[in-house]
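So you can see what is in the structure, the chains are spelled out below.
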Amino acid sequence: TTIRKPDASLAESGRSATDYLKLILTSKVYDCAIETPLEEAPRLSERVGNSILLKREDLQPVFSFKLRGAYNCMASLTPEQLAAGVITASAGNHAQGVAMSASKLGCSAIVAMPKGTPSIKVDNVRRLGAHVELVGD
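Residues numbered from 1 in each chain as written. Predicted model: local features only at pLDDT ≥ 70, side-chain atom pairs only at ≥ 80, totals over all residues. Heavy atoms only, no water.

A.B. asks: It is not clear to me how the packing of helix α6 (residues 93-105) against helix α7 (residues 119-127) should be interpreted in this structure. Could you clarify?
C.D. replies: Two quantities define a packed helix pair, namely the angle between the axes and the distance from one axis to the other. Taken N-terminus to C-terminus, the directions of α6 and α7 make an angle of 15°; their axes are 8 Å apart at the nearest point. Here α6 lies roughly parallel to α7, going by the angle between them. The element α6 and its partner α7 pack so that their crossing is left-handed. Between α6 and α7, the contacting residues are Asn93, Ala95, Gln96 and Ala99 on the first element and Lys121, Asn124 and Val125 on the second. (Axes fitted to C-alpha atoms, helices over the stretch in contact; angles between N-to-C directions. Helix = DSSP H or I, 4+ residues; strand = E, 2+ residues; numbered from the N terminus. Parallel < 35°, antiparallel > 145°, perpendicular 65-115°, else oblique. Left-handed = near helix turned anticlockwise from the far one by under 90°. Contact = heavy atoms within 4.5 Å.)

Structure below.
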């Protein structure tokens, strides 16, 4: 097992763990995402001899952590950029995160998805308000 040292920039920032926790808990992402619980995995914990906690991002509205990144990125756009809309390429969870984020932020979204994407994923992206373009093979 490799133990990674913290980045120098993080260590030198002068911020405490409490500062970072405050930034996380007051992030704009909670306009769209929910705060998900940590749950212990008792059998896995017993098997490895340590406490294993699972972050339940599957409880997000789009069943994935991808919503957090999409929303954080899009929420930092200027009003002019949001008015122009966003475009992404994804066959799944990121596409749903972008679609939901665009809907929450009032901007248009185009999502390019491979032609072979399962219809349930395409339908979910459309249901969340994005325009889907099926491309490629």
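From this point, things continue past the structure.
A.B. asks: When you look at the packing of aromatic side chains in this model, what are you seeing that I'm missing?
C.D. replies: Applying the stated rule across the entire model yields zero aromatic pairs. Residue placement shows arginine 15 over the ring face of tyrosine 20; its charged tip is 5.9 Å from the ring centre. (Phe/Tyr/Trp six-rings, centres within 6.5 Å; stacked < 30°, edge-to-face > 60°. Lys NZ or Arg CZ within 6 Å of the ring centre and 35° of its normal.)

A.B. asks: Help me out: how do you make sense of the packing of helix α4 (residues 66-75) against α6 in this one?
C.D. replies: Running from N to C, α4 and α6 cross one another at 40°; their axes reach a closest spacing of 8 Å. Relative to α6, α4 is oriented oblique. The element α4 and its partner α6 pack so that their crossing is right-handed. For the pair α4 and α6, contact is made by Lys66, Leu67, Ala70, Tyr71, Met74 and Ala75 and by Asn93, His94, Gly97, Val98, Met100, Ser101, Ala102, Lys104 and Leu105, respectively. Its residues assigned to classes, the contact of α4 with α6 shows nine nonpolar, four polar and two charged. (Nonpolar A, V, L, I, M, F, W, Y, C, P; charged D, E, K, R; others polar.)

A.B. asks: Help me understand the confidence of the model for the protein chain in this model?
C.D. replies: Low-pLDDT portions of the prediction should not be read for the details of their coordinates. Residues of the protein chain with pLDDT of at least 70 account for 91%, and the chain-wide mean is 89. Highest mean pLDDT in the protein chain belongs to strand β4 (residues 109-114) (98); lowest belongs to helix α1 (residues 8-11) (55). (pLDDT = per-residue confidence, 0-100.)

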